[in-house]
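# Per-entry structural report
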Amino acid sequence: QVQLVESGGGLVQPGGSLRLSCAASGRRLIFSIDAMNWYRQAPGKERELVAAITSDGSTNYADSVKGRFTVSRDTARGTVYLQMNSLKPEDTAVYYCNVESPRWGNLWGQGTQVTVSS
């Protein structure tokens, strides 16, 4: 069964950077047809869309992260990335990779913890 796997989370000081990665286990993401999203969920809060990249490569960001986060794709590796710069304590959350795939439907990763603290 295909699964999404996130990596790259961890503890970082305010103002620091992290890069999250997401790939499909045992399969390649095909970005010409697979739309990719990054969500996050902080304790006691609703899951929110942070960044998205559609199958045609257009991107969208939540206002709270615009200018600080960048979503990108590596076609050869079948991997999507979320580069997070100038991190703030309010960015602390579990970050989830999501794919809207015509092959597999809507799939979610298990999440990776990002903690921004001094």
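Below: a short report on this structure. (Residues numbered from 1 in each chain as written. Predicted model: local features only at pLDDT ≥ 70, side-chain atom pairs only at ≥ 80, totals over all residues. Heavy atoms only, no water.)

As for its position among the elements, Asp91 is in the loop between β8 (79–84) and β9 (93–101). With relative accessibility at 1%, the residue Asp91 sits in the buried group. Leave out the neighbours within four places in its chain, and Asp91 touches Arg40, Val65, Arg68, Phe69, Ser86, Val114 and Val116. (Helix = DSSP H or I, 4+ residues; strand = E, 2+ residues; numbered from the N terminus. Buried < 20%, exposed > 50% of the residue type's maximum accessible area, 1.4 Å probe, protein only. Contact = heavy atoms within 4.5 Å.)

In the structure shown here, the tally under the stated rule is one disulfide. In this model Cys22 forms its disulfide with Cys97; the gap between the sulfur atoms is 2.0 Å. On the S-S bond that ties Cys22 to Cys97, the torsion sits near -85°, and the link is left-handed. Pair noted here: Cys22 is in strand β3 (residues 18–24) and Cys97 is in strand β9, with a separation of 75 residues, a long-range link. A single burial state applies to Cys22 and to Cys97, both of which are buried. (Disulfide = S-S within 2.5 Å.)

Here we come to the packing of aromatic side chains. Scanning the model with the defined rule gives one aromatic pair in all. Arranged with centres 4.8 Å apart and planes meeting at 55°, the rings of Tyr39 and Trp108 form a pair that is tilted. You can see Tyr39 sitting in strand β4 (residues 35–41) and its partner Trp108 sitting in strand β10 (residues 105–108), a full 69 residues away along the chain. By relative accessible area, Trp108 is classed as partly exposed at 36%. Here the basic side chain of Arg47 rests over the ring of Tyr96, its NZ or CZ set 4.0 Å away from the ring centre. Its end group placed over the ring of Trp108, Arg47 keeps NZ or CZ at 4.7 Å from the ring centre. (Phe/Tyr/Trp six-rings, centres within 6.5 Å; stacked < 30°, edge-to-face > 60°. Lys NZ or Arg CZ within 6 Å of the ring centre and 35° of its normal.)

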